[in-house]
Amino acid sequence: MPDEPPPADVEGEKSASDEARKHGESLVKDTNAKEEGSKKSKDNRVTVFARLRPVFKRDKEDPSFEHIVKLHPDKKSISLTGGTTYVYDGTYGEDSEQIPVWESVAKPVVENVFKGYSGCVMAYGQTGTGKSHTMSNCERGQEGIIMQSMDHIFKTAAADPDRDYECSMGYLQIYLDKVQDLLNPESGNLDISKSETGEVQVNGLCTKQCNTREEFIELYQSGDQHRIVAATKMNPVSSRSHSCLMIRIVSRPKGDDGTGESRTAKMWLIDLAGYEQFSKTGITKGIRAQEAKSINASLLALGNVVQALSERAPHKPWRNAKLTRLLEDAIGGKAKASVCITIQASGVCFHETVQTLRFGSRAMAVKTEAKIERNINYEALCQKLQGLLEEEQEKVSALEIQVTARQVESQEREDRMQREIRRLKQKHEEQLRILIQSGADPTAIEAMIKENEAEMEVVQEQHAEERQLEEEKYEEEVLSVAKEGEKVSHAEMDKINVARKAEIAEIESKLTSATEEVERLKKKEQECEQLNQYITQLKEEHTQETLRIKEETALNSGVSQDGLEQLKQEYDKQVRSIRAMMETTHEGRMLELQERHEGELKKLRSQMEDSNRHAEEEYAQMKSSLERKMDDEIAKIKAKAADVQEKLKRNHTIIKNSYQEQKEKLKAEIKVLKDQHEEHTEGMASEGKDNLRTLADQHRTIKKSYQEQIEKLKAENAALQARHGTNGTSGTAHVDPASSVASKAPATTTAAAVADDE
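These numbers were taken from a predicted model, which means no experiment stands behind them.

**Focus: the environment of Arg58**
Stage number 1. On the secondary structure map, Arg58 appears in helix α2 (residues 57-60).
Stage number 2. Given the relative accessible area of 36%, Arg58 is considered partly exposed.
Stage number 3. Spatially, the C-alpha atoms of Arg58 and Met234 are 9.5 Å apart, while their sequence positions differ by 176 residues.
Stage number 4. Excluding its chain neighbours within four sequence positions, the residues that come into contact with Arg58 are Arg53, Lys233 and Met234.

The structure is reproduced here in structure tokens:
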């Protein structure tokens, strides 16, 4: 009996496995094709173009010269002799012109700048490969990317019928890792920092307005004269510093009074110095060696940043060099970026060429999420609103008294509430103190505490309700007044809403893309599952068919039933061995597919997480920006309200002080009148007393005089009586008593009158 299965069985197994493999490869190929299709989008990544420098005479004079660079007909692929093929967004050969290079590399970036997106165009490559020629050349007919971009900016701005544009520029170089202002060389080393909004800024950098081609050329050439260049073996005019031209474009609708929406976009045009090897440039010491070390170190830092960005590493080493700190906004994902890598064909610089090509490949994997920067001049808008408010100042003045009264009432209400709460607290403390002194049990004390707390909560709730009712009433009054005096234009708010809707639509688009990625991932998982089921089905069918063929072959050859059973056992053993081998192979294959699938899944998840994170960050930034704007508006409104309240308080204080002054003045006048009255009363009393004293003295004098007269009359009367008695006795005279009495009558009458007067 044969030890091996029949050849037909082996061929059947191979055909089944080949069919399964082809089916699986077709599924994987379709999935990979879809994935490659999704990777071709240029809107959300850095675009990279490669340019091959012409071969110079000095290159051919080198005995070791060998042409190692091959450009493919698709104008996107480039390969080295016996090396890897690199694919970019475009390639340009030795005979390429400046205009096609600009149209592919820089024109899309400039067009997006006019839409409000920031942009960056950068030339990267080994020293002597034509970076400055590509970027900075100003010769007529051979203008580089910088001159062609600025010409396009000025022409587009002049031809736009709907918007006005303002263009400004700053020009700097990074020399020996120091930032120098080329428009103001005396400024020294400048610092790089971040503004309050998180944008990278160069402190003290001089910026100039340039709204025409002539103005730009004058400024650009004056700054370019201060760039540091030197001759080396690789390049007779070698740049010894990195230069960066920063363009800022602000656009506004025509006829805008300063309160409408404005768009601000920045564009970085960067001419990097090239990587150098001392053995090839002939530089070994001195300042040129220091320059080369600084250039190589900054380019190495830039390469590390690009690699971290392409791998979506959590940490990006931006602070390792001034160059990377300066370009954080330009290549960090906030701007539309395009890179032109320049290489040469000589095999002498094979390592430098490979390094440049790898840099370009890594740069293509850097994702960008540029967004339009819309600004509204809230200061001008507030000034406009301030003018409207000033027109309504008379109405506001009429309401100041009401607001003052409302404030006084509110303060009195709060004081009354506080007094009531203090009184209630004192009452509770007194009740609790009495209860504790009376020796009450803890249960009663706890019950009283709870009752007091409940009563306090009820009072506080009543106060809160009263306060809320007053506030609602006050708000209704304020809203009614605001509605009556509202004259703010709705055009500005419509513009803000349009900007918000555009940002929300952009976020929704990104979320939709992420959802599509998830759906594609699920579909890929289903396809893998179908492939696994199909392979299992093929295995079962193949095993049953092989067993049937073997049985028929054994019966036809005259094998007995025992031999057939033995043959079945041997075949089962072989089948188990083959099955184990196929399972092992299948498991390895599935493990490989699973690892690949998991890697792709991880990559897609990472992309989705990055997309979600960026969307959340963007939403958070938008929310934070809107909140800041709203907070600023609210703060300004509060400040104005505070000014009004302060003015009302001052008016109230002035009125109160005036009232107090008038009151004090009236008090002083009343006091003066009272003092005068008292003085007059005292004078009258003193004069009356003096008159009484005088009358009393006169009375006493008259009384004394009357008494003296009475005494005198009495004496005279006594003398008369004495004489009368003598005369009667002698008979010489006779006195009539009646006449005597009559003579005395006047004196008596006078005395009686004096007594009556007293």
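**Remarks on the pattern of salt bridges**
Note that side chains of opposite charge can pair when their charged atoms are close.
Stage number 1. In total, this model carries 14 salt bridges according to the counting rule given.
Stage number 2. The salt bridge involving Glu291 is made with Arg240; its shortest N-O contact spans 2.8 Å. One end of the pair, Glu291, is in helix α9 (residues 287-310); the other, Arg240, is in the loop between β14 (238-239) and β15 (242-253), with 51 residues separating them in the sequence.
Stage number 3. Using a relative accessible area of 1% as the deciding quantity, one classes Glu291 as buried.
Stage number 4. With a shortest N-O distance of 3.7 Å, Lys450 and Glu446 are connected by a salt bridge. Here Lys450 pairs with Glu446, and both are found in helix α15 (residues 442-484), just 4 residues apart, close to one helical turn.
Stage number 5. A relative accessible area of 52% places Lys450 in the exposed class.
Stage number 6. Each of Arg240, Glu276, Arg288 and Glu291 takes part in a single network of salt bridges with overlapping partners.

**Points about helix α3 (residues 98-105)**
Stage number 1. For α3, the complete set of buried residues consists of Gln98, Val101, Trp102 and Val105. Here the buried residues of α3 occupy an arc of 95° about the axis, which is enough to place them on one side.

**Focus: the side chain of Asp89**
Stage number 1. For Asp89, the location among the structural elements is in the loop between β4 (85-87) and β5 (90-92).
Stage number 2. A distance of 2.6 Å separates the side chain of Asp89 from the side chain of Arg45, its partner in a polar contact.
Stage number 3. Among the polar contacts made by the side chain of Asp89, one reaches the main-chain amide nitrogen of Val48 at a distance of 2.8 Å.

**Let's talk about the packing of aromatic side chains**
Stage number 1. Scanning the model with the defined rule gives 4 aromatic pairs in all.
Stage number 2. Ring centres of Phe114 and Tyr165 lie 5.3 Å apart, and the angle between their planes is 70°; on these two criteria the pair is classed as edge-to-face. Taken together, the residues span a long stretch of sequence, with Phe114 in helix α4 (residues 107-115) and Tyr165 in strand β7 (residues 163-175) at a distance of 51 residues. Each member of the pair Phe114 and Tyr165 is classed as buried.
Stage number 3. Ring geometry for Tyr171 versus Tyr220: centroids 5.2 Å apart, planes at 25°, classification stacked. In this pair, Tyr171 sits in strand β7 while Tyr220 sits in helix α7 (residues 213-224), placing the two residues 49 residues apart along the sequence.
Stage number 4. Judged by its relative accessible area of 1%, Tyr220 is buried.
Stage number 5. Taken together, Tyr171, Phe216 and Tyr220 form an aromatic cluster joined through their ring pairs.

**Here we look at the nonpolar core**
Stage number 1. If you look at the biggest cluster of nonpolar residues, it comprises 51 residues, and the most contacted ones within it are Tyr88, Leu172, Val202, Leu302, Ile331 and Ile341.
Stage number 2. With 6 residues, α9 is the single largest residue contributor to this core.

**A closer look at a negative patch on the surface**
Stage number 1. A cluster of acidic side chains, namely Glu453, Glu457, Glu461 and Glu465, defines a negative patch on the protein surface.
Stage number 2. Relative to the elements of secondary structure, Glu457 occurs in helix α15.

**Structural notes on the confidence of the model for the chain**
Stage number 1. Of all residues in the chain, 69% have pLDDT values of 70 or greater, and the mean over the chain is 76.
Stage number 2. Across residues 1-40, where pLDDT falls below 50, the model places 44 contacts with residues more than four positions away in sequence or in other chains.
Stage number 3. Counted against residues more than four places away or in other chains, residues 728-758, with its pLDDT under 50, gives 14 contacts.

**Considering the packing of α4 against helix α6 (residues 145-159)**
Stage number 1. Orientation of α4 relative to α6, taken along the N-to-C sense of each, is 35°, at an axis distance of 10 Å. The handedness of the crossing between α4 and α6 comes out as right-handed. Of the residues in α6, those touching α4 at Lys107, Val110, Glu111 and Phe114 are Ser149, His152, Ile153, Thr156 and Ala157.

**Structural notes on the state of the cysteines**
Stage number 1. The final tally for this structure, using the stated rule, is 0 disulfides.
Stage number 2. Unpaired in this structure, Cys210 has its nearest cysteine sulfur neighbour in Cys167, at a distance of 3.9 Å.

**Section: the pairing of β7**
Stage number 1. Of all 13 residues making up β7, 11 are buried, and the element is well covered by its neighbours.
Stage number 2. In this sheet, β15 lies alongside β7 in antiparallel orientation, the contact comprising 12 bridges. Bridging across to β15, Glu166 finds its partner in Val250.
Stage number 3. Both β7 and strand β12 (residues 208-209) contribute to a ladder of 2 bridges, which runs antiparallel. Bridging across to β12, Ser168 finds its partner in Gln209.
Stage number 4. Sheet analysis places β7 next to strand β8 (residues 178-181), joined by 4 bridges and oriented antiparallel. Looking at β8, one finds that Tyr175 is bridged to Lys178.
Stage number 5. Once β7 ends, the chain turns through 2 residues before running back antiparallel as β8, passing Leu176 with a positive phi of about 55°.

**Some remarks on the sheet that holds strand β2 (residues 69-71)**
Stage number 1. Taking strand neighbours across the sheet as the criterion, the 3 strands line up as β2-β3-β4 in an open arrangement whose pairing is antiparallel. A single partner strand is all that each edge strand has here, and the edge strands are β2 and β4. When the angles between neighbouring strand axes are averaged without regard to direction, this sheet yields 25°.
Stage number 2. With 3 bridges joining them, β2 and strand β3 (residues 77-80) adopt antiparallel strand pairing. In the sheet register, Leu71 faces β3, and the bridge partner there is Ile78.

Reading the values: the criteria
- Residues numbered from 1 in each chain as written.
- Predicted model: local features only at pLDDT ≥ 70, side-chain atom pairs only at ≥ 80, totals over all residues.
- Heavy atoms only, no water.
- Helix = DSSP H or I, 4+ residues; strand = E, 2+ residues; numbered from the N terminus.
- Buried < 20%, exposed > 50% of the residue type's maximum accessible area, 1.4 Å probe, protein only.
- Contact = heavy atoms within 4.5 Å.
- Salt bridge = Lys/Arg side-chain N within 4 Å of Asp/Glu carboxyl O.
- Arc of directions from axis to C-beta.
- Polar contact = N/O pair within 3.5 Å; in protein donor to acceptor, adjacent residues only side chain to side chain.
- Phe/Tyr/Trp six-rings, centres within 6.5 Å; stacked < 30°, edge-to-face > 60°.
- Core = buried A, V, L, I, M, F, W, Y, C linked by side-chain atoms within 4.5 Å.
- Patch = residues over 30% accessible without salt bridge, like charges linked within 9 Å, V, L, I, M, F, W, Y side chains within 5 Å.
- Areas by Shrake-Rupley, 256 points an atom, 1.4 Å probe, with all protein chains shown as cover.
- Lys, Arg positive; Asp, Glu negative; His and termini not counted.
- Charge placed at Lys NZ, Arg CZ, Asp CG, Glu CD.
- pLDDT = per-residue confidence, 0-100.
- Axes fitted to C-alpha atoms, helices over the stretch in contact; angles between N-to-C directions.
- Left-handed = near helix turned anticlockwise from the far one by under 90°.
- Disulfide = S-S within 2.5 Å.
- Pairing = 2+ DSSP bridges.

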